[in-house]
Amino acid sequence: MTKLLQSEDNIIIGKIGKARGLDGTLKIIPLTDFEGRFDSLTEISVGGKIFQVEKVQHIGGEIFIKFENVDSREVAKTLTNKFLTVPRADAAPLDDGEFYTFDIIGCEVFDGDKNFGKVENVLKTGSNDVFQVVGETEILIPALKAVIKKIDVANKKILVDSSKLEEI
């Protein structure tokens, strides 16, 4: 699994896959829960360079983007595997109690004074997210209200009730 990193000012929303066709169109691997956000893009940073978006297409459940001045398969291939980022200020708004995965990663996990380590990854299981926490040992903590007592992204801390882990 790829670990995603971004600066404080930018967030990763996708990764460029293979070139499609001969005109420079690229497949996009979304790394966001808000896939519709690609539809309104006019510009985006790719590997730290700003590109103007010419066209976004949804074909067979997949997303494809055509950038201005990327007019051949050869040029498009140079962008493969680069991350698409947008300014953090452009992040989709969240409801109360919702958090971005990139805000959870790096948080230290505590039960009282016991420090379990830091969240290294957030696994999407379908029913609920699971925090992969690495410290002295690696543990998996389900992101359930019964287990997670408080998430403080500003201070990079998550408080849990580890006694509930035995019940799950």
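Predicted model only: the values in this text are computed from it and were never measured. (Residues numbered from 1 in each chain as written. Predicted model: local features only at pLDDT ≥ 70, side-chain atom pairs only at ≥ 80, totals over all residues. Heavy atoms only, no water.)

Engineer: Is there a simple way to think about the overall build of the protein in this case?
Structural biologist: The secondary structure content of the protein amounts to 2 helices and 12 strands. Along the protein, helices and strands appear, N-terminal first, in the series β-β-β-β-β-α-β-α-β-β-β-β-β-β. C-alpha atoms of the protein, sized along the principal axes, occupy 55 × 30 × 30 Å. Counting across all 168 residues of the protein, residues that qualify as buried make up 36%. Put simply, of all contacts in the protein between residues at least 6 apart along the chain, 48% involve residues at least 24 apart. In the form shown here, the protein has an accessible surface area of approximately 10100 Å², with 49% of it arising from carbon and sulfur atoms. Treating the 22 positive side-chain charges of the protein as one cloud and the 28 negative ones as another, the clouds have centres 5 Å apart. (Helix = DSSP H or I, 4+ residues; strand = E, 2+ residues; numbered from the N terminus. Buried < 20%, exposed > 50% of the residue type's maximum accessible area, 1.4 Å probe, protein only. Contact = heavy atoms within 4.5 Å. Areas by Shrake-Rupley, 256 points an atom, 1.4 Å probe, with all protein chains shown as cover. Lys, Arg positive; Asp, Glu negative; His and termini not counted. Charge placed at Lys NZ, Arg CZ, Asp CG, Glu CD.)

Engineer: Hey, could you run me through the sheet that holds strand β12 (residues 157–160) in this one?
Structural biologist: The strands that make up a sheet are held in pairs by hydrogen bonds between backbone atoms, and each pair lies either parallel or antiparallel. Spatially, the 6 strands line up as an open sheet ordered β10-β9-β8-β7-β12-β11, and their pairing is mixed. Where the open sheet ends on each side, the last strands, each with one partner, are β10 (138–142) and β11 (148–152). Along the sheet, successive strands turn relative to each other by an average axial angle of 30°, direction set aside. In this sheet, strand β9 (residues 129–134) lies alongside strand β8 (residues 114–124) in antiparallel orientation, the contact comprising 6 bridges. From the neighbouring strand, K118 faces β9, where its bridge partner is V134. (Pairing = 2+ DSSP bridges. Axes fitted to C-alpha atoms, helices over the stretch in contact; angles between N-to-C directions.)

Engineer: Is there a simple way to think about the sheet that holds strand β4 (residues 49–59) in this case?
Structural biologist: Spatial strand order, β1-β2-β5-β4-β3-β6: 6 strands in a closed barrel with antiparallel pairing. The average angle at which neighbouring strand axes cross in this sheet is 50°, direction not considered. Pairing analysis gives 4 bridges linking strand β3 (residues 43–46) to β4, with the strands arranged antiparallel. Residue pairing across strands places E43 opposite Q52, the latter belonging to β4.

Engineer: I would appreciate a short explanation of the pairing of β11 in the present structure.
Structural biologist: Two faces make up the sheet, and in a regular strand the side chains alternate between them. Summarising the sheet, β11 and β12 pair through 4 bridges and their orientation is antiparallel. Across the sheet, the residue bridging to I148 is V160, located in β12. Remark: 4 residues form the turn of the hairpin made by β11 and β12, two consecutive strands paired antiparallel; K156 in that turn has positive phi of roughly 55°.

Shape is all these values report; function is a separate question.
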